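Given next are the chains, with one letter for each unit.
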Amino acid sequence: MKSSHGTGYGIYLAVFAALLALTGATVAVSYVDLGVMNVAVALLIASLKASLVALFFMHLKFENKLVWAFALVPIFFLVLIVGGTISDTLYR
Amino acid sequence: MSDHTAHPELTAEGSGHAHMDPAQAYDAAKLGIWTFLATEVLLFGGLFTAYIVFRLKFPEMFRIDHAHLDRLMGATNTVVLICSSLTVALGIAAIRKGKQGLLKIYLALTILLAAVFLGIKYVEWKEKFAHGLFPDTDVFFSLYFVMTGLHGLHVLGGMVVLGGVLALAWQGKFTERYYTPVEVSGLYWHFVDLVWIYLFPLFYLIG
């Protein structure tokens, strides 16, 4: 009755290892002074990690379009809120 | 549910009793938890927006204050939560193959890791208080305590939910054909991990 997702122990362990490696990388980079780029790198790595968790641990990769829509709609509104607030803070 | 197929008019009208077929119930539960997570994204999203605004307004404060946070403890807690995400995922993989014993072990491990996370958080907060750093110290620490506090409440809530799921697992409620509560609580738990994935660099790493 349930669609079998193509997820097994192997892929979970690979994602786990990638998440640990990325955590190590983001901590290591934080000790190097890159100016504004520190923020960009930290957010990039965090987003990579978040994508891995959502796609594999949360099975989004194997879900249908409806579940994807439910996952993306709040992200859309979040971008709208954050984007609007940033432009308001910076250019008023 | 097969005993209702003889009376389709009863199932169609459904007098207060929802007769969903299991696959439909599973899909509905999944959309339900994703809807809840959508409200959670926007709950934390409001706080992240506040963080961005104050960071833009007071960059010096953020640069100086973030050095007070213990990077090692933050990183340790990140690893703890990643481990707990793995154990929950492995628990679901186990019950999909009908392995009830393994599911119980992975759920117990997840709850244990959640407790470790809160323990480390407790030590961190205690140290901050000991150094005279409180939620009303300045905007940075207001945001730090509110956001990690709200996240900590979510961890606590996750422990309660996963504890309930573990109790059900103990009663042998889950099989390779029925494990919806495990999957739904797992999705919530991964979300709690997701929030921390952003909280950690924003507070501990970038100044």
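For clarity, every value in this text was computed on a predicted model and none was experimentally measured. (Residues numbered from 1 in each chain as written. Chains lettered and ligands numbered in written order. Predicted model: local features only at pLDDT ≥ 70, side-chain atom pairs only at ≥ 80, totals over all residues.)

## A look at the overall build of chain B
Test applied: Labels follow the DSSP assignment, with helices taken as runs of H or I lasting at least four residues and strands as runs of E lasting at least two, numbered in each case from the N terminus. As defined in this context, the radius of gyration uses C-alpha atoms, and a globule is described by 2.2 Å times the residue total to the power 0.38. Between the buried cut of 20 or more and the exposed cut of 12 or fewer other C-beta atoms within 10 Å of a residue's own C-beta lies the partly exposed class, and all C-beta atoms are placed from the backbone.
Summing up its helical and strand segments, chain B has seven helices and zero strands in all. Tracing chain B from N to C terminus, the helices and strands come up as α-α-α-α-α-α-α. By the compact-globule yardstick of 17 Å for 207 residues, chain B is too spread out, its C-alpha radius of gyration being 21 Å. Expressed along its principal axes, the backbone C-alpha trace of chain B runs to roughly 70 × 35 × 20 Å. By residue count, 34% of the 207 residues in chain B fall in the buried class.

## Quick notes on the confidence of the model for chain B
Residue and element names in this part refer to chain B. Put simply, the rule reads: A residue's pLDDT is the predictor's confidence in that residue, given on a scale from 0 to 100. Once C-beta atoms have been placed from the backbone, residue pairs whose C-beta atoms lie within 7 Å are recorded as contacts.
Looking at chain B, the pLDDT average stands at 92 and 91% of residues meet or exceed 70. Segment residues 1–16 is flagged for pLDDT under 50; beyond a separation of four residues in sequence, or across chains, it makes seven contacts in the model. Listed scores for the predicted complex are pTM 0.91 and ipTM 0.92.

## What about the interface of chain A and chain B?
Convention followed: The classification used treats Ala, Val, Leu, Ile, Met, Phe, Trp, Tyr, Cys and Pro as nonpolar, Asp, Glu, Lys and Arg as charged, and all other residues, Gly among them, as polar.
If you look at the interface, chain A gives 38 residues, while chain B gives 35 residues. Only helix 1 (9–30), helix 2 (37–57) and helix 3 (65–91) of chain A provide two or more residues apiece to the side of chain A that touches chain B. Looking at the side of chain A that touches chain B element by element, the count peaks at 15 residues for helix 3 of chain A. Across the side of chain A that touches chain B, the residue classes break down as 28 nonpolar, eight polar and two charged.

## Some details on the packing of helix 4 (residues 71–96) of chain B against helix 5 (residues 100–130) of chain B
Residues and elements named next belong to chain B. Our working rule: Note on definitions: angles span 0 to 180 degrees between N-to-C directions of axes, and those axes are lines fitted to C-alpha atoms, for helices only across the stretch in contact. By the definition adopted for this analysis, an angle is roughly parallel if under 35 degrees, roughly antiparallel if over 145, roughly perpendicular if from 65 to 115, and oblique otherwise. In this scheme, a crossing is called left-handed if the near helix is turned counterclockwise away from the far one by less than a right angle; it is called right-handed if the turn is clockwise.
Two numbers describe how helix 4 lies on helix 5: the axes approach to 8 Å, and their chain directions differ by 165°. With respect to helix 5, the element helix 4 is oriented roughly antiparallel. Here helix 4 runs over helix 5; the crossing is left-handed. Split into classes, the residues belonging to the contact of helix 4 with helix 5 amount to 18 nonpolar, seven polar and two charged.

## Notes on the nonpolar core
The line we're drawing: Each nonpolar core consists of buried Ala, Val, Leu, Ile, Met, Phe, Trp, Tyr and Cys residues. Their C-beta atoms, within 7 Å, join them into a set.
Grouped together as the largest cluster of nonpolar side chains are 61 residues, with contacts concentrated most on Leu103 and Leu199 of chain B. Breaking this core down by element, the ones donating at least two residues are helix 1 and helix 2 of chain A together with helix 2 (22–57), helix 4, helix 5, helix 6 (139–170) and helix 7 (180–205) of chain B. For this core, the leading source of residues is helix 7 of chain B, giving 16 residues. Contact partners of Leu199 of chain B, with chain neighbours within four places excluded, come to Met147, Thr148 and His151 of chain B.

## Brief notes about helix 6 of chain B
Because an α-helix packs 3.6 residues into every turn, residues spaced three or four apart end up facing the same way. Residues and elements named next belong to chain B. The criterion, for reference: Multiply 1.5 Å by the residue count of a helix minus one, and that product is the helix's expected span.
Look at helix 6: 46 Å from first C-alpha to last across 32 residues, which is about the 46 Å you get at 1.5 Å a residue. Buried residues of helix 6: Phe140, Leu143, Tyr144, Met147, Thr148, His151, Val155, Gly158, Leu162, Val165 and Ala169, and no others. On the buried face of helix 6, the contacting elements are helix 2, helix 3 (59–65), helix 5 and helix 7. At the C-terminal side of helix 6, Gly172 shows a positive phi close to 70°.

## Looking at the packing of helix 5 of chain B against helix 6 of chain B
Residue and element names in this part refer to chain B. Closest axis-to-axis distance for the helix 5/helix 6 pair is 9 Å, and the angle between their directions is 160°. By the angle between their axes, helix 5 is roughly antiparallel relative to helix 6. Like other packed secondary-structure pairs, helix 5 and helix 6 cross with a definite hand, here left-handed. Note on element contacts: helix 6 touches helix 5 through Thr148, Gly152, Val155, Leu156, Gly158, Met159, Leu162, Gly163, Val165, Leu166, Ala169 and Trp170, opposite Gln100, Leu103, Lys104, Leu107, Ala108, Thr110, Ile111, Ala114, Ala115, Phe117, Leu118 and Lys121. For the contact of helix 5 with helix 6, the per-class residue count stands at 16 nonpolar, six polar and two charged.

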